[in-house]
Amino acid sequence: MTETILTLILFAMLVAVAFAIIQMRQLFAVVLLSSVFSLLTALLFVIMDAVDVAFTEAAVGAGISTVLMLGTIALTRKRSAERTRSDILPFFVVAVTGAALVYGTLDMPNFGDANAPANAYLRQDYLDRSVTEIDVPNVVTAILASYRGFDTLGETAVVFTAGIGVLLLLGGLAYRRAEDDEES
Amino acid sequence: MQHHLILRVVVKILVAAIILFALYVQFHGDFSPGGGFQAGVIMAAAFILYGIVFGMAKVKQVVPEWVVHRMMGLGVLIYAGCGVASMFLGYEFLNYNAFTPHHPSHGQHYGLLIVEFGVGVTVTGVMISIFYAFASRPPTLKDSDW
Amino acid sequence: MATPSDDHGAPPEAIFDWAFLTGHAEYWMFITLMMAGLFMVVARGNLVKKVVGLNIFQVSVFMLYISIGKITDGTAPIFPLNMDVDPDVIYSNPLPHVLMLTAIVVGIATTSLALALIVRIREAFGTIEEDELLILERAIDTEENRRYSAQSAGDA
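Note that the structure is predicted; figures quoted are calculated from it, not measured. (Residues numbered from 1 in each chain as written. Chains lettered and ligands numbered in written order. Predicted model: local features only at pLDDT ≥ 70, side-chain atom pairs only at ≥ 80, totals over all residues.)

### A word on the overall build of chain B
Stage number 1. Of regular secondary structure, chain B possesses five helices and zero strands.
Stage number 2. Seen in sequence order, chain B has helices and strands lined up from the N terminus as α-α-α-α-α.
Stage number 3. Scaling as 2.2 N^0.38, a compact globule of 146 residues should have a C-alpha radius of gyration of about 15 Å, whereas chain B reaches 19 Å, well beyond that.
Stage number 4. Taking the principal axes of the C-alpha coordinates as reference, chain B spans close to 65 × 30 × 25 Å.
Stage number 5. For chain B, long-range pairs separated by at least 24 residues make up 64% of all intrachain contacts whose partners lie at least 6 apart in sequence. (Helix = DSSP H or I, 4+ residues; strand = E, 2+ residues; numbered from the N terminus. Rg over C-alpha atoms; globule rule 2.2 N^0.38 Å. Contact = placed C-beta atoms within 7 Å.)

Next comes the structure, spelled out in structure tokens:
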């Protein structure tokens, strides 16, 4: 019961923050509100028993993402322009998409169902096997690094690629080459 | 009187605690919520905080650019190297049982620690590198415009 | 499939299925948040606001996915430290958590690349508003087309 009440309160706050982000034109406020959004999402994840995901979301969303966006608006501009077009067509498109998604969820099992297909097969298998095979208390880390270790290797490669990409875009190679040309 | 005196004093105390917490999260990822990603992000946050408050020149004295650029690739190398090492020991790629064949769960624990360390090193390097890339560009907005 | 005779005998209260509504309300809440993020991507012209909207959309997808793994009266999938597992304790499904950990990190990778591209766009075009960017790009395209057609007319 308390979980439901907390979820409803958090959801109301999330909706309020989302509407505020849509309306605002000051980009500094938009970035900080997105950090608040990430933090509220982390709380929601804790209520849904996903403590590792909440940890990562709080660190990444409310930490790194905010710093990078602040760095971006320091390099671009701090206000967005006036809206010249009407919002009717985007609202219609979004409403149709939302209705299609809701129609898709009508077939889904109820929230918290232990016999849902997603929870029925692999969950008990991993929980049982990781006690004997890996013997580590944190099952999420055990699955992440051992049972699904390939995915984590690919993901580390993705992070590495993103770093290389940002260095290529913003590494300042053009500045350094221009400085070398001026000196020589 | 320097600007932002409270920020400077508090950050000097906090950075040590944040780095210690990042190491705790890294190596206790097996026993409590945590692991490589979270630890890498928190460690990067410590250096980013130092860089924001004290300036880029000072933080580049502590962690030069070439260090973080090397760290980016080093983590992936550690992770893939762990897999290749288990191949050399006769097992399949990324089969951690190869490290202690007589007691597989110990080998799994070693493998977990090594690969999570690799992930943590890469994530730290990438986050700090991206911050350096963003913060080293000459800004177009003057301070008075804020 | 229900036979046609079943519909006539059902009482009118069964149409309003309370268990179904409370079981699916969470999903609809997350879909609302997703649509708020999608609206921001579609309806706002500033590129930074588009990236923020994309982040909100992404985080709402994570919420939907994690809610699939939640089990009522369950707890976080972390065993006690001394590893004596109580068979009566229900643990939530750890597999969606693992997949969403990967997804969050991939999300920050794409966000950082998008922000780096926005900085370069600002330096190349002088603006990050979508309307002005479209006008500038159209002008560049017509200029290039004109120059290319003049060149090929000169060759022929």
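### Regarding the overall build of chain C
Stage number 1. When you go through chain C residue by residue, the secondary structure sums to five helices and zero strands.
Stage number 2. Within chain C, counting contacts between residues at least 6 apart in sequence, those at least 24 apart form 48% of the total.

### Side note on the interface of chain B and chain C
Stage number 1. With six residues of chain B at the contact, the number on the chain C side is six residues.
Stage number 2. Tallied by class, residues from the side of chain B that touches chain C come to four nonpolar, one polar and one charged. (Nonpolar A, V, L, I, M, F, W, Y, C, P; charged D, E, K, R; others polar.)

### Things to note about the interface of chain C and chain A
Stage number 1. Taken together, the contact between chain C and chain A spans 71 residues of the former and 77 residues of the latter.
Stage number 2. Elements supplying a minimum of two residues to the side of chain C that touches chain A: helix H2 (18-43), helix H3 (47-69) and helix H4 (94-125) of chain C.
Stage number 3. The biggest single contributor to the side of chain C that touches chain A is H4(C), with 22 residues.
Stage number 4. Split into classes, the residues belonging to the side of chain C that touches chain A amount to 47 nonpolar, 17 polar and seven charged.

### A short note on helix H7 (residues 139-147) of chain A
Stage number 1. Burial runs high along H7(A): nine of the nine residues are buried.
Stage number 2. If you check which residues of H7(A) are buried, you get Val139(A), Val140(A), Thr141(A), Ala142(A), Ile143(A), Leu144(A), Ala145(A), Ser146(A) and Tyr147(A).
Stage number 3. Where H7(A) is buried, its residues contact helix H3 (51-75), helix H6 (122-133) and helix H8 (149-170) of chain A, helix H5 (104-135) of chain B together with H4 of chain C. (Buried ≥ 20, exposed ≤ 12 C-beta atoms within 10 Å, placed from the backbone.)

### Some thoughts on H3(A)
Given 3.6 residues per turn, any residue in an α-helix points the same way as the ones three and four places further on.
All names here are of chain A.
Stage number 1. Under the 1.5 Å per step criterion, the end-to-end length of H3 is 35 Å for 25 residues, consistent within 8% with the ideal 36 Å.
Stage number 2. The sharpest bend along H3 comes to roughly 30°, located at Ser65.
Stage number 3. Most of H3 sits inside the fold, with 23 of its 25 residues counted as buried. (Expected span 1.5 Å × (residues − 1). Bend = angle between axes of the 7 residues up to and from the residue.)

### Thoughts on the confidence of the model for chain C
Residues and elements named next belong to chain C.
Stage number 1. The predicted model of chain C has a mean per-residue pLDDT of 86, with 90% of residues at 70 or higher.
Stage number 2. For chain C, the element scoring lowest by mean pLDDT is helix H1 (residues 4-9), at 47; H3 scores highest, at 93.
Stage number 3. Confidence drops under a pLDDT of 50 for residues 1-10, and excluding neighbours within four residues, the segment shows one contact in the predicted structure.
Stage number 4. On the interface metric, ipTM, the complex scores 0.90, and its pTM is 0.89. (pLDDT = per-residue confidence, 0-100.)

### Points about unusual backbone geometry
Stage number 1. A positive phi angle, close to 65°, is found at Leu94(B), a residue other than glycine.
Stage number 2. Positionally, Leu94(B) belongs in the loop between helix H4 (65-88) and H5.
Stage number 3. Even without being glycine, Met83(C) reaches a positive phi, approximately 65°.
Stage number 4. Within the secondary structure layout, Met83(C) lies in the loop between H3 and H4.
Stage number 5. The exposure class of Met83(C) is exposed, given the 10 C-beta atoms found within 10 Å.

### Regarding the packing of H3(C) against H4(C)
Residues and elements named next belong to chain C.
Stage number 1. Two elements in contact, H3 and H4, have axes whose closest approach is 10 Å; the angle formed by their N-to-C orientations is 175°. By the angle between their axes, H3 is roughly antiparallel relative to H4. When H3 is examined against H4, the residues Leu47, Val48, Val51, Asn55, Gln58, Phe62, Tyr65, Ile66, Ile68 and Gly69 are found in contact with a partner set consisting of Leu95, Pro96, His97, Met100, Ala103, Ile104, Gly107, Thr111, Ala114, Leu115, Ile118 and Ile121.
Stage number 2. Of the residues that constitute the contact of H3 with H4, the class distribution is 16 nonpolar, six polar and no charged. (Axes fitted to C-alpha atoms, helices over the stretch in contact; angles between N-to-C directions. Parallel < 35°, antiparallel > 145°, perpendicular 65-115°, else oblique.)

### Topic: the environment of Pro96(C)
All names here are of chain C.
Stage number 1. With respect to the helices, strands and loops of the structure, Pro96 is situated in helix H4.
Stage number 2. Spatially, the C-alpha atom of Pro96 lies 10 Å from that of Met63, the residues being 33 residues apart in sequence.
Stage number 3. Those residues in contact with Pro96 that lie beyond four places of it in its chain are Tyr65, Ile66, Ile68 and Gly69.

### Focus: the packing of helix H1 (residues 2-23) of chain A against helix H2 (residues 27-47) of chain A
When two helices pack together, their arrangement is captured by the angle between the axes and the distance separating the axes.
Residue and element names in this part refer to chain A.
Stage number 1. The contact between H1 and H2 brings their axes to 10 Å, and the two run at 165°. Classed by the angle they form, the pair H1 and H2 counts as roughly antiparallel. The crossing of H1 and H2 is left-handed. Within the contact between the two elements, H1 uses Glu3, Leu6, Thr7, Leu10, Met13, Leu14, Val17, Ala18, Ala20 and Ile21 and H2 uses Val30, Leu33, Ser34, Val36, Phe37, Leu40, Leu43, Leu44 and Ile47.
Stage number 2. Taken together, the residues that form the contact of H1 with H2 break down as 16 nonpolar, two polar and one charged. (Left-handed = near helix turned anticlockwise from the far one by under 90°.)

### Points about the environment of Ala74(A)
Stage number 1. Relative to the helices and strands, Ala74(A) is located in helix H3.
Stage number 2. Residues Ala74(A) and Phe28(A) lie 46 residues apart in sequence; the distance between their C-alpha atoms is 9.2 Å.

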